[in-house]
Amino acid sequence: MSEQGIEHHDYDVLILGSGGSGLRAAIAAAEAGARTGLVCKSLLGKAHTVMAEGGLAASLGNVAPEDGWSTHFQDTMFGGKYLNNWRMAELHAKEAPDRARELEHWGAVFDRTPERTMSQRAFGGHTYKRLVHIGDRTGLEMIRTLHDRTVHSNVEVFMETTVTRLIKDGDRVVGCFGYRRQTGELISFSAKALVLATGGSGRIYKITSNSQDCTGDGYALAYEAGAQLVDMEFVQFHPTGMVYPPGVAGLLVTEAVRGEGGILRNANGERFMERYDPKRMELSTRDVVARSIYTEVKEGRGTPHGGAYLDVSHLDSDYVKRKLPSMYDQFLELAGVDITKEPMQVGPTCHYFMGGVKVDPDTGVSRVPGLFATGEASGGMNGANRLGGNSLGDLLVFGRRAGEGAAATANASGPVTLPPEAVADAQAEIEGFLHGSGNENPFHMHRELQKIMGDGVGIFRDEEGLSEAIGKLEELDARVANLRAPSDRLDYNPGLQLCREVKNMLTVSHMIARGALLREESRGAHSRLDHTGYSDYWGEHNIIVEGTSTQEMSLTPTPVVKRDELEALVEARKEAEKAS
Amino acid sequence: MSETIDLAHAPGPRKLQIWRGDLTSGELVEYELETEPGMVVLDAVLEIQRSQAPDLAVRWNCKAAKCGSCSAEVNGRPRLMCKTRLDHLPADEPITVEPMRAFPLIRDLVTDVSWNYRVNKQITPFTPRESLKPGVEVNEKGEFLIDQADTDRMSEFRKCIECFMCQDVCHILRDHRLHDRYYGPRFMMRMASLDMHPLDGVDRLDQIADEGGIGLCNITKCCTEVCPEGIHITDNAIIPMKERVVDQRHDPLLKLLHRTPNKGRRKPPPRTETPTL
Amino acid sequence: MTTVATPPRRLGATMRRDRWWVQPVLVVTSLTLFGVYTIIHAIVSNYYAITAGGAHLQSPMFSPDLPGIIQFHTSLPWAFLVLWAPLGLRSTCYYYRKSYYRSFFLAPPSCAVAGAARRKYTGETKFPLVLNNMHRVFFYFAVIVIGFLWYDAIRGLFYHGSFGIGVGNAIMFVNVFCLSAFTFGCNSWRHLIGGKLNCFSCTPAAQTRHNAWKRVSILNGRHMQWAWISMFTVWGTDLYIWLVSSGAFSDPHHVF
Ligand SMILES: Cc1cc2nc3c(=O)[nH]c(=O)nc-3n(C[C@H](O)[C@H](O)[C@H](O)COP(=O)(O)OP(=O)(O)OC[C@H]3O[C@@H](n4cnc5c(N)ncnc54)[C@H](O)[C@@H]3O)c2cc1C
Ligand code: SF4
Ligand code: SF4
Ligand code: FES
């Protein structure tokens, strides 16, 4: 089956992305009886999720028996500054324990309590010790387990295949188009339901913990296909990334370092978190810690390489090596620092996107029929700030729901075909990158974009900086049509790959910058120097992004989706916060 | 053993010789670039890609030594490019960067590692034993009861990031090209981690010995030498598995006593294909 | 841009810069010398015990002392009747296998150095190398020999029945200690003592074996070092006894 010699495949459900959410969705879809395909840019098992370190939040109550879903729900809402989609936060808190146990039944091996159950560790913003973990490589454990399950679940996998377009027939998504990276051969897929599990977009910043894959493809593809996105201005800067040497700046230092007792100090040796959050100290929410470090550095109390000291040298050195082995290794190998003896130097790094495709919490379907989203690609669950460990739970809970949702849609739908014009159009785009007349170098434009975002849309924002950034992004808009890969060869062409990615990142950058300009308050991960407090209006509103191009992008404040039966829990938490 | 990187002494220019070519032909091409303190080989390769050789093919993803994508042979030894600092390599000579040799070349530094995925597909995933003892092996919430001691032994193997450098350096694959008869150290170890799972219900020893080809391993330990995760592949996985096979097939004493190991474990479903390169 | 030639792929081909061949050369030399020495001394079969002045220091290569203990007298080199156990243990030992496969079989000579590519490579699946799987059998017998060596070392402390101590005694004890450290770090032993369990914690017996396994694992982690050290202590002890008993010099000792 081919159109103009293009390789073609047909599935009931097609998943884009092999991170935790994509794999979980694929397993669910296949188990529901759908013919399932999975496409990913990298090799299987290498997706961004393998980097996750600290753990998976689930209120199992193994370490703290008093824990339960309602506290987890409250913590998530409080961390998200009440902008979360209530239903998503509820489903996540309720279902994460089952998903964690299920993972263990599929062969995952986690650290144990003395009672031989799954151990749980403390993390910022979680009332109780809640994070299921194995050393500091929980994401790897999760990926490997899901990977093996997927491989034996009758899912067909297309590795190193990049999707550049979603294809619609009328108002419905019916498939997608892309190319095989190893050969440059074009490939198209038709699918009755398509799940975006494409992760975040950290690569729009220079200093990021994200892997190369994270270029916001899913956000841009969904936007172009007519989906709505929610709260894109909330970008989580993780407080502790490496700051030195330059080559590794941004590399994550897991929150588990603080969870296990790490202490933050400034250049004067002061434990500065006492001034910003005396109650939670180092284990305050990420937005608070990140801003605190940033402020210390800005006010001249930074370390020689422009960060803060993070110290675990007071802990037993064997304990550190056992609980944080990859951190120990990472610093020894890459920075020549033995963390059991000397403090680390750390600073904020772009880490996670709270925003994403707006979906139905129960099924993951977007506004566009046939298009689903899950994981970091979807938005709403985390509100204005994500708690550590809530992403891995999110991937499993909503990955499964999206996979089942997609399978149900597929089962209820007749065969679909790809409109030839749409395929031709997608093909022309790739032709243009290879043989067009443009002369914009994607490597250079990527750098420019990173600079714009870093300068104007970083941790602290103000109207002037944001407007300037938007102006510069508009300049890039004009040039993006001229992107051309520096080489026109087909096989493993990094320039070709980056052309489409830069386009996607530019779209995402617009959403973030415009959302940040519109939201005139400081809340969670979004801090405006010119609007430092909470606003009552914005505390009740999400920003919905939709449109057809970067020029015609509309942002609409929309009331937060609440649920009556959860009202009492939320109010109780708000009261408790006020009291303390 | 801490060392500080001296900013005052900027590292200066370095030469890299990078393998350029495909299956039909190729050569080492020399590039020169300015380096930064603490730069790793992958930084250098990407900088060359950005400024001198835009079509240079290289596979990477996390740049944090966590995904195992960027395996290559640096100065003749398998290394993760993102974990190998330039200033740890001899300064007076060019650094050579070549693709892994045990797998077919796609182009430049990128090899076709799909054989590994075909091998993995032959391995039955973890399957719990049919009856687990309540209160001893599983609790009332359905959660497994496993001791940290058992976890520790398995989790060493589960640190594997699938960089496939052990497969690359294993002479059975690299020199003798017996990809159809030996699963390679990575998958011997994977089978070991499953076999040592206290609750696993699959008898894997025949597969380890027959299709897996554990007898081909002559325990020369190159896999252990190159593993970036420092896993003791040979001592902790392969040798123990060889010993388990000896229990079942060679030990005259156990034969006399009619002791069958792996009691209570089921035979796995038959394998469907022989993974070939 | 300059170009450099394609690397060749013959035996020994590598892009490594270090002197990888030093190790195989050292291994070949020392194993060959040790083997030749042992065989010669076993064949010559004399000067294997210091008996002057009521001493009885028996060379570890000639232990147990068959002529002394069971009055087994022959003109043939009887030492081979016991030597097969320790030598068998060594030649099937996982560590020695590694070093001779690398150094003698060149499979591979060193990591990432091209070995002799054999299309018919069979590893340890065919006769005779498949016999290496009998390692644990040699271990069982070698343990018996170790028992005799401790016996020899203790017996050596008595000179005509009186307690005494000397250089020879010290050498004997160091040697038997090192041999024990080598033998009880054996991979087969590590398997038998606990490694074969799938669950370290399920029964009290398993917990005890897990503790033993942990101790053996520590020795096993240094198996290579103990293999070399104990080989040289055996060699040295035998040489010392040969020299003293042949009258080259006398063993300094004090009898209480
Ligand atoms: C260093 C680090 C540590 C972290 N630690 C934790 C933690 O301890 N706990 C926690 O809960 N969270 C943690 N996180 C966050 C969490 O890991 C991520 O949010 C999560 O992994 C995202 O998973 P995902 O499934 O949504 O997508 P990803 O894992 O990002 O996967 C995206 C997939 O989509 C594919 N893809 C993208 N675009 C395309 C395209 N155009 N065509 C085809 N395929 C495409 C990619 O190839 C990839 O397979 C951490 C993140 C980082 C960076
Ligand atoms: S020890 Fe075995 S598996 Fe490892 S490299 Fe040597 S032959 Fe290969
Ligand atoms: S065992 Fe080590 S060398 Fe082998 S693939 Fe895994 S991480 Fe890489
Ligand atoms: S890029 Fe992931 S291991 Fe090097």
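This text goes with the structure placed above it.
Residues numbered from 1 in each chain as written. Chains lettered and ligands numbered in written order. Predicted model: local features only at pLDDT ≥ 70, side-chain atom pairs only at ≥ 80, totals over all residues. Heavy atoms only, no water.

Moving on to the overall build of chain C. Broken down by element type, chain C carries nine helices and six strands. Taking the principal axes of its C-alpha atoms as reference, chain C extends roughly 80 × 55 × 35 Å. Residue pairs at least 24 apart in sequence account for 71% of intrachain contacts in chain C once pairs closer than 6 positions are excluded. As displayed, chain C has an accessible area near 12200 Å², and 71% of this comes from carbon and sulfur atoms. Charged side chains of chain C number 21 positive and 6 negative; the gap between the two group centres comes to 20 Å. (Helix = DSSP H or I, 4+ residues; strand = E, 2+ residues; numbered from the N terminus. Contact = heavy atoms within 4.5 Å. Areas by Shrake-Rupley, 256 points an atom, 1.4 Å probe, with all protein chains shown as cover. Lys, Arg positive; Asp, Glu negative; His and termini not counted. Charge placed at Lys NZ, Arg CZ, Asp CG, Glu CD.)

On to the site of ligand 1. All names here are of chain A. Near ligand 1 you find 38 residues, and of these Ser21, Thr49, Gly54, Asp217 and Leu392 are the closest. Contact distances for ligand 1 include 2.8 Å between an oxygen atom and a side-chain N or O atom of Glu376. Interatomic distance of 3.3 Å between a backbone N/O atom of Gly389 and an oxygen atom of ligand 1. Considered on its own, ligand 1 offers 1000 Å² of accessible surface; in the complex 99% of this is hidden by protein. Mapped by element, the contributors of at least two residues to the shell around ligand 1 are helix 1 (20–31), strand 8 (161–169), strand 15 (344–353) and helix 11 (390–411). Looking at which element gives the most residues to the shell around ligand 1, the answer is helix 11, with four residues. Residues of the shell around ligand 1, tallied by class, amount to 11 nonpolar, 21 polar and six charged. (Near = heavy atom within 4 Å. Polar contact = N/O pair within 3.5 Å; in protein donor to acceptor, adjacent residues only side chain to side chain. Nonpolar A, V, L, I, M, F, W, Y, C, P; charged D, E, K, R; others polar.)

Residues and elements named next belong to chain C. Overall, antiparallel pairing links the three strands, which are arranged 4-5-6 in an open sheet. Strands with a single pairing partner mark the edges of an open sheet, and in this sheet they are strand 4 (158–159) and strand 6 (253–255). As judged from the three bridges shared by strand 5 (residues 162–166) and strand 6, these two strands associate in the antiparallel manner. Following the sheet pairing, Ile165 is matched in strand 6 by His254. Here helix 6 (residues 167–183) sits on the sheet and contacts strand 4 and strand 5; the angle it forms with strand 5, its principal contact strand, is near 80 degrees. (Pairing = 2+ DSSP bridges. Axes fitted to C-alpha atoms, helices over the stretch in contact; angles between N-to-C directions.)

What follows deals with the pairing of strand 9 (residues 172–180) of chain A. Residues and elements named next belong to chain A. Counting buried residues along strand 9, seven of its nine residues qualify, which places the element largely inside the surrounding structure. Two elements, strand 8 and strand 9, share eight bridges in a ladder whose sense is antiparallel. Pairing of Asp169 across the sheet is with Arg172, part of strand 9. Hairpin connection of strand 8 to strand 9: two residues between the antiparallel strands, including Gly170 at a positive phi of 65 degrees. The pairing of strand 9 with strand 10 (residues 186–196) spans five bridges and is antiparallel. Residue pairing for strand 10: Cys176 is matched across the bridge by Phe189. What sits between the antiparallel neighbours strand 9 and strand 10 is a turn of five residues, in which Gly184 has the positive phi angle 80 degrees. (Buried < 20%, exposed > 50% of the residue type's maximum accessible area, 1.4 Å probe, protein only.)

Once that is clear, we can look at the site of ligand 2. Residues and elements named next belong to chain B. Ligand 2 sits among 14 residues. The nearest are Cys170, Cys217, Thr220, Lys221 and Cys223. Elements with a minimum of two residues in the shell around ligand 2: helix 5 (171–174), helix 8 (222–226) and helix 9 (233–249). Its residues assigned to classes, the shell around ligand 2 shows nine nonpolar, four polar and one charged.

So, on to the state of the cysteines. Enumeration according to the criterion identifies two disulfides over all chains in this entry. With its sulfur 2.1 Å from that of its partner, Cys222(B) forms a disulfide with Cys111(C). Between Cys222(B) and Cys111(C) the sulfur-sulfur dihedral comes to about -90 degrees; the bridge is accordingly left-handed. A residue pair is termed interchain when its members come from two chains, as with Cys222(B) in helix 8 and Cys111(C) in the loop between helix 4 (94–103) and helix 5 (135–155). Each member of the pair, Cys222(B) as well as Cys111(C), carries the same accessibility label: buried. Put simply, Cys199(C) and Cys202(C) are joined by a disulfide, and their sulfur atoms are 2.0 Å apart. When the S-S torsion is 85 degrees, as for the bridge of Cys199(C) with Cys202(C), the disulfide is right-handed. Here Cys199(C) falls in the buried class, since its relative accessible area comes to 12%. (Disulfide = S-S within 2.5 Å.)

Glancing now at unusual backbone geometry. Comment: phi is negative for the bulk of residues other than glycine, and the bulk of peptide bonds are trans. Backbone torsion omega between Tyr244(A) and Pro245(A) reads -5 degrees, so that peptide bond is classified as cis. Of note, the amide linkage connecting Phe127(C) to Pro128(C) takes the cis form, showing an omega dihedral of 5 degrees. Turning to its location among the elements, Pro128(C) is positioned in the loop between helix 4 and helix 5. Despite not being glycine, Met281(A) shows a phi value in the positive range, around 50 degrees. Following the sequence through the fold, Met281(A) ends up in the loop between helix 7 (273–276) and helix 8 (286–298). On the accessibility criterion, Met281(A) (13% relative accessible area) is buried.

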